Amino acid sequence: MMVDPEGRSVVMVVEDEESYQDALNIGLTVEGFVVMAASTINQARQLMTTTKPDLILLDVMLPDGSGIDYCREIYDTSRVPVIMVSARTSEVDIVLGLEIGAADYVTKPYRLRELVARMRAVLRRPLVGNEEEVITFAELRIDFVRRTVSRRGIEIELSRKEFDLLALFATRLAQVVTREVCLDTLWWGLELSDTRTLDTHVKRLRQKIEDDPSNPRHLITIRGVGFRLDP
Ligand code: CA
């Protein structure tokens, strides 16, 4: 990993459209990222030989090949998270991108705010392949790779958002996670005042992981601040 003296995250942007490349260079720098820019897969390969970014934004349609193929190539040798970016909205592309291990998928046109929120969410996730693939506490076992949760050995069904929310709490076990962080990570488009969606998800999670959801022992509300997952 390239060490930035100010601790900023390094993002490699692989994008051949100049208008996007320029906007991302400026926008992401303003947001506090260090940007490495490549406009072809070959340039990206060269940059990767000298610098390891924390995150890669990878366009699908590049002049010298497919971003999906290049994503596969990256994962052969590296664990760096990749967000696929594409003008296509075809479900096939999205599914394919995620199946090969892309951390997320964004379709053009996107808003910078949305992109940055997703980038931050990806950077907060535990990296696949480190010792935090699985977190076990109390009667719960959370598998980040398979995205499954079991309670007392029995797998419980969680929606994608419920899993993401539980994962967010679990990676900060016994720490307070503010409502703002929850919303910023999972519902990047939502206004802070409209937080009922968050409360609904917390309620559903409690029904699935607590013995007595109205008197939770693990997923605790910190009034006016946020939540804390207690082992
Ligand atoms: Ca392109």
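Now for a look at the structure at hand. (Residues numbered from 1 in each chain as written. Predicted model: local features only at pLDDT ≥ 70, side-chain atom pairs only at ≥ 80, totals over all residues. Heavy atoms only, no water.)

Okay, the sheet that holds strand β14 (residues 226–229) next. The pairing of strands in a sheet happens through backbone hydrogen bonds and is either parallel or antiparallel. Spatial ordering of the open sheet is given by β12-β14-β13, a layout of 3 strands whose pairing is antiparallel. The outermost strands of the open sheet, each flanked by one partner alone, are β12 (176–178) and β13 (219–222). When strand polarity is set aside, the average angle formed by the axes of neighbouring strands in this sheet is 30°. Two elements, β13 and β14, share 4 bridges in a ladder whose sense is antiparallel. (Pairing = 2+ DSSP bridges. Helix = DSSP H or I, 4+ residues; strand = E, 2+ residues; numbered from the N terminus. Axes fitted to C-alpha atoms, helices over the stretch in contact; angles between N-to-C directions.)

Moving on, we get to the coordination of the calcium ion. Around the calcium ion, the protein contributes the donor atoms Asp16 (OD), Asp59 (OD) and Met61 (O), at 2.0 to 2.3 Å from the metal centre. Taken in chain order, the donor set of the calcium ion reads D-x42-D-x1-M. (Donors = N, O, S within 2.8 Å, 3.2 Å for Na, K, Ca; no water.)

Okay, the pairing of strand β1 (residues 10–14) next. Both faces of the sheet carry side chains from a regular strand, because those side chains alternate between them. Counting buried residues along β1, 5 of its 5 residues qualify, which places the element largely inside the surrounding structure. Residues Val10, Met12 and Val14 point to one face of β1 and Val11 and Val13 to the other, with burial holding for every one of them. Alignment of β1 against strand β2 (residues 34–38), held across 5 bridges, turns out to be parallel. Looking at β2, one finds that valine 13 is bridged to alanine 37. A crossover links β1 with its parallel partner β2, the connecting element being helix α1 (residues 18–30), and its sense is right-handed. The pairing of β1 with strand β3 (residues 55–59) spans 4 bridges and is parallel. (Buried < 20%, exposed > 50% of the residue type's maximum accessible area, 1.4 Å probe, protein only. Right-handed = clockwise from strand over helix to strand, strands pointing away.)

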